[in-house]
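The lines below spell out each chain.
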Amino acid sequence: MGRPLLSIAIPVYNEDGNLETLFTRLKTVLDDIDKSYEIIFTNDGSNDNSLTLLRHFQKCNPGTVRIIDLNGNFGQHMAVMAAFEQVRGEIIVTLDADLQNPPEEIPKLISAIEKGHDLVGSYRKRREDNLFRCIASRLFNFLRDLATGIHMRDQGCMLRAYRRRIVDIIVASGERSTFIPALAMSYATNPVEVEVDHEARLTGKSRYRIYDLIRLNFDIMTGFSMAPLQLVTMFGMLVASGSLLFVVYLFIRRLIIGPEAEGVFTLFAILYLLIGIGIFCLGVIGEYIGRIYQEVRHRPRFVIREVIETGCTATENGDE
Ligand code: UDP
Ligand code: MG
């Protein structure tokens, strides 16, 4: 198989209700573009029929479809990373398997790449998610902008196109708890963002629960910014100076008016607040330490059970 021009990377986790429609729509779009392409599906430990469907696509389209079957569920970004390690194309496009990103928007991304951009981000015209997700997303976009200096209009939209060079740098970075769009933005020299449509999930539910969303945003914050650590330090300094003033005030008050007994509960309230903040700050520090721990352990970021493609069916172990 020669090198195709386009590589489409799609992470798949329990999407058996969407894959047929996705594949048909995607194939129509790609055949129309008239450029050589490959589609890489990463099966991220699905426990439904997804892998069987993917194998079927691969069998019927041996020249264009490749499957990376991961050994378990490593998360959307690691699934994309696994595909990035295997892509052969010069232009790489990522999209979700649930049809929230319409494949029909791909030509728009490719033409932006062909105009000379090394990264094409996207923002959703009208987001088809519930109100909570939309509000949370706006808030996290704002915080990320503030803390990391990485400017993206819509970090959550995975319909993106990359020049090969950017993908190579991302792979070489060897990052694990990472967020690919932000990583790409930090390496791109000439990024652009285009507006894309967004649809409701065809079938199934979003895999991201509140817990996952919080984890993901911790990945973005701690992975791309030291601001949380620095804020904690600044805050500690502020509290320490405030407490010092308070102690001085109480001391003087004691000399002039005498000891105070009332207002004990106010002090308790202040104390509990500070203890709460203290625990949170410890947590923030812990987030960084946890990441350092993961890095030094040096375990593989994900484990590939099998790469299914025509010619050979290779079994691989780890990525490092
Ligand atoms: N996904 C994955 N591994 C996971 C969770 C999700 O590969 O652990 C895939 C999923 O199949 C889909 C994409 O990542 O193709 C986006 O997931 P989802 O639709 O659940 O996220 P949302 O659109 O709600 O952000
Ligand atoms: Mg989705």
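Residues numbered from 1 in each chain as written. Chains lettered and ligands numbered in written order. Predicted model: local features only at pLDDT ≥ 70, side-chain atom pairs only at ≥ 80, totals over all residues. Heavy atoms only, no water.

Visitor: Summarise helix 10 (residues 264-297); cite the residues concerned and give the values.
Guide: Given a rise of 1.5 Å per residue, 34 residues ought to cover 50 Å, and the 48 Å separating the end C-alpha atoms of helix 10 matches this to within 8%. Residues of helix 10 that are buried: Cys-281, Val-284, Glu-287, Tyr-288 and Arg-291. Directly beyond the C-terminal end of helix 10, a positive phi value near 60° is found at His-298. (Helix = DSSP H or I, 4+ residues; strand = E, 2+ residues; numbered from the N terminus. Expected span 1.5 Å × (residues − 1). Buried < 20%, exposed > 50% of the residue type's maximum accessible area, 1.4 Å probe, protein only.)

Visitor: Lay out the confidence of the model for the chain with the relevant residues and their values.
Guide: Overall, the prediction assigns the chain a mean pLDDT of 91, with 97% of residues at 70 or greater. Every residue in residues 312-320 scores below 50 in pLDDT, and together they form 26 contacts with partners more than four places removed in sequence or on other chains. (pLDDT = per-residue confidence, 0-100. Contact = heavy atoms within 4.5 Å.)

Visitor: Which residues make up the nonpolar core, and what values do they have?
Guide: Ranked by internal contacts, the top residues of the largest apolar core, which has 37 residues, are Ile-8, Ile-10, Leu-19, Ile-39, Phe-41 and Ile-106. Among the elements of the structure, strand 1 (6-12), helix 1 (19-33), strand 2 (37-43), helix 2 (50-60), strand 3 (65-70), strand 4 (91-94), helix 4 (106-114) and strand 7 (191-196) are those that each provide at least two residues to this core. The element best represented in this core is helix 1, accounting for 7 residues. By size, the runner-up hydrophobic cluster in this structure holds 34 residues, among which are Val-87, Ile-166, Ile-180 and Ala-184. (Core = buried A, V, L, I, M, F, W, Y, C linked by side-chain atoms within 4.5 Å.)

Visitor: Could you give me a rundown of the packing of helix 5 (residues 131-148) against helix 8 (residues 210-224), with the residues and numbers involved?
Guide: It is the contact of helix 5 with helix 8, at a shortest axis distance of 10 Å, that shows an interaxial angle of 15°. Classed by the angle they form, the pair helix 5 and helix 8 counts as roughly parallel. Both helix 5 and helix 8 take part in a crossing whose hand is right-handed. Where helix 5 approaches helix 8, its residues Phe-132, Arg-133, Phe-140, Leu-143, Arg-144, Ala-147 and Thr-148 are matched on the opposing element by Ile-210, Leu-213, Asn-217, Ile-220, Met-221 and Phe-224. Of the residues in the contact of helix 5 with helix 8, the class split is 9 nonpolar, 2 polar and 2 charged. (Axes fitted to C-alpha atoms, helices over the stretch in contact; angles between N-to-C directions. Parallel < 35°, antiparallel > 145°, perpendicular 65-115°, else oblique. Left-handed = near helix turned anticlockwise from the far one by under 90°. Nonpolar A, V, L, I, M, F, W, Y, C, P; charged D, E, K, R; others polar.)

Visitor: Describe in detail the pattern of salt bridges, supporting the description with residues and values.
Guide: In this structure the tally under the stated criterion is 27 salt bridges. When the shortest N-O distance is used, the salt bridge between Glu-15 and Arg-201 registers 3.0 Å. On the criterion of sequence distance, the pair formed by Glu-15 in the loop between strand 1 and helix 1 and Arg-201 in the loop between strand 7 and helix 8 is long-range, its members being 186 residues apart. Take Glu-15 and Arg-201: they sit in the same class, and that class is buried. (Salt bridge = Lys/Arg side-chain N within 4 Å of Asp/Glu carboxyl O.)

Visitor: Give a description of the site of ligand 1 that names residues and reports values.
Guide: For ligand 1, the set of nearby residues contains 17 residues, the closest of which are Glu-15, Asp-44, Asp-98, Ser-206 and Arg-207. The backbone of Pro-11 places a nitrogen or oxygen atom 2.8 Å from an oxygen atom of ligand 1. A distance of 2.6 Å separates an oxygen atom of ligand 1 from a polar atom in the side chain of Asp-98. Contact with the protein chains removes 94% of the 530 Å² of surface that ligand 1 exposes when unbound. A class-by-class count of the residues in the shell around ligand 1 yields 5 nonpolar, 5 polar and 7 charged. (Near = heavy atom within 4 Å. Polar contact = N/O pair within 3.5 Å; in protein donor to acceptor, adjacent residues only side chain to side chain. Areas by Shrake-Rupley, 256 points an atom, 1.4 Å probe, with all protein chains shown as cover.)

Visitor: Can you tell me about the environment of Pro-259, naming the residues and giving the values?
Guide: Looking at the secondary structure, you find Pro-259 in the loop between helix 9 (227-256) and helix 10. Sequence separation of Pro-259 and Val-194 is 65 residues, and the distance between their C-alpha atoms is 66 Å.

Visitor: How would you sum up the coordination of the magnesium ion (ligand 2)? Please name residues and give values.
Guide: At this site the magnesium ion (ligand 2) is bound by Asp-98 (OD) and Gln-100 (OE1), with donor distances of 1.9 to 2.0 Å. Residue classification places Asp-98 among the buried residues on the basis of a relative accessible area of 4%. (Donors = N, O, S within 2.8 Å, 3.2 Å for Na, K, Ca; no water.)

Visitor: Describe in detail the side chain of Asn-61, supporting the description with residues and values.
Guide: You can see Asn-61 is positioned in the loop between helix 2 and strand 3. When its relative accessible area of 13% is taken as the criterion, Asn-61 is described as buried. Residues contacting Asn-61, with those up to four places away along its chain left out, are Phe-23 and Lys-27.

Visitor: Quick rundown of the side chain of Arg-124? Include the residues and the values.
Guide: Topologically, Arg-124 is positioned in strand 5 (residues 119-124). Within polar-contact distance, the side chain of Arg-124 engages the side chain of Asp-154 at 2.8 Å. Excluding anything up to four places from it in sequence, Arg-124 contacts Asp-129, Asp-154, Gly-156, Cys-157, Val-196 and His-198.

Visitor: Report on the packing of helix 1 against helix 2, specifying residues and quantitative values.
Guide: Relative orientation of the contacting elements helix 1 and helix 2 amounts to 30°, with a least axis distance of 10 Å. Judged on the interaxial angle alone, helix 2 and helix 1 are roughly parallel. Taken as a pair, helix 1 and helix 2 cross one another with a handedness that is right-handed. Here Leu-19, Glu-20 and Phe-23 of helix 1 lie close against helix 2, whose contacting residues are Ser-50, Leu-53, Leu-54 and Phe-57. For the contact of helix 1 with helix 2, the class distribution of residues is 5 nonpolar, 1 polar and 1 charged.

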